[in-house]
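# Observations on the model geometry
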Amino acid sequence: MKYVVLFRGINVGGRNKIPMAELRVHLSEDFDNVRTYIQSGNVLLESKLSATKVAEHIDSNLRSAFTIDSDLVRVLVLDPKSYGEVIAGAPKGFGSDPDTYRYDVFFYMGVTAAEVEPHIVAHPEVDEVVVGKRATYHRRIAARASSSRVNKIISSPVYPGITIRNWNTTTKLAALLAE
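Residues numbered from 1 in each chain as written. Predicted model: local features only at pLDDT ≥ 70, side-chain atom pairs only at ≥ 80, totals over all residues. Heavy atoms only, no water.

### Things to note about the sheet that holds strand S7 (residues 135-141)
The strands making up a sheet associate through backbone hydrogen bonding, with each pair oriented either parallel or antiparallel. Strand order in the open sheet formed by four strands is S6-S7-S5-S8, with antiparallel pairing between adjacent strands. The open sheet terminates on both sides in strands that have one partner only, identified here as strand S6 (127-131) and strand S8 (162-166). Strand-to-strand twist of the sheet, defined as the mean angle between neighbouring strand axes without regard to direction, takes the value 20°. Relative to S8, strand S5 (residues 101-108) runs antiparallel, the two being bridged by five bridges. The partner of Val 105 across the bridge, within S8, is Arg 165. Sitting on the sheet, helix H5 (residues 167-178) is in contact with S5, S7 and S8, with an inclination near 90° to S8. (Pairing = 2+ DSSP bridges. Helix = DSSP H or I, 4+ residues; strand = E, 2+ residues; numbered from the N terminus. Axes fitted to C-alpha atoms, helices over the stretch in contact; angles between N-to-C directions. Contact = heavy atoms within 4.5 Å.)

Next up, the structure:
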């Protein structure tokens, strides 16, 4: 089975630095066809294990292989069907006007849409937010991005259960998964 593995909390703000080449070598010890995409913790791999077992295995072995803050680093493993649901759940036209808007996907990691939704604060003139089953989709006017209020989620109790990717990364991973 092919999987997309999203790491939360690595290579962000100078913390929990894990070179992707080293991560690829580490994961290749237990999984097949391991590939990384950019430096923000995106991995594609193959395994006979279930998504849950892959996540558990990576989570338990990552801490012994790398020096990381284990409270911040989390792993989300999605099979093609689940990842496809994230892509399909995006609002119509999401990502279609990158000159005007910035687009982000907030993937849920052990939290639900019902838990996340109350913590989303949107600026009505800047932000558009759609809460989906597996992710929340955020579109904001690029020229007014600093006025967005959605970043207030960082101080919420659900933030550790979210990992964020821009739409370009999200769709690129879908394309790589489909290869």
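### Description of the layout of surface pockets
Roughly 400 Å³ of internal volume is contained in the largest pocket. Lining the largest pocket are 16 residues, and of these Arg 8, Gly 9, Ile 10, Val 12 and Tyr 159 lie nearest its centre. For the lining of the largest pocket, the secondary-structure elements that each account for two or more residues are strand S1 (2-8) and S8. Ranked by the residues each element gives to the lining of the largest pocket, the list is headed by S8, at five residues. When grouped by side-chain class, the residues that make up the lining of the largest pocket number seven nonpolar, six polar and three charged. Its boundaries defined by the atoms lining it, the second largest pocket holds a volume of some 180 Å³. Taken together, Asp 104, Phe 106, His 138, Arg 140, Ala 145, Ser 148, Val 150, Asn 151, Ile 153, Ile 154, Tyr 159 and Ile 164 make up the lining of the second largest pocket. Put simply, the parts of the chain that give the lining of the second largest pocket at least two residues each are S5 and S7. Its residues placed into classes, the lining of the second largest pocket shows seven nonpolar, three polar and two charged. (1 Å grid on protein atoms, 1.4 Å probe; cavity = no way out; pocket = protein on both sides within 12 Å on 5 of 7 lines; lining within 4 Å. Points joined across faces, edges and corners; volume = space filled by probe spheres on them. Nonpolar A, V, L, I, M, F, W, Y, C, P; charged D, E, K, R; others polar.)

### Brief notes about the nonpolar core
Nonpolar side chains in soluble globular proteins generally cluster together in the buried interior. Counting 21 residues, the largest nonpolar core has Phe 7, Leu 23, Leu 27, Leu 45 and Ile 58 as its most contacted members. Taken together, the elements giving at least two residues each to this core come down to S1, helix H1 (20-28), strand S3 (42-46), helix H2 (51-65) and strand S4 (74-78). Here Leu 45 is in contact with Met 1, Lys 2, Tyr 3, Val 5, Leu 27, Phe 31, Asp 32, Asn 33, Val 34, Val 54 and Ile 58, once residues within four sequence places are set aside. Grouped together as the second largest cluster of nonpolar side chains are 20 residues, Val 4, Leu 76, Phe 94 and Tyr 137 included. (Core = buried A, V, L, I, M, F, W, Y, C linked by side-chain atoms within 4.5 Å. Buried < 20%, exposed > 50% of the residue type's maximum accessible area, 1.4 Å probe, protein only.)

Everything listed here is a matter of coordinates, which is why it stays silent on function.
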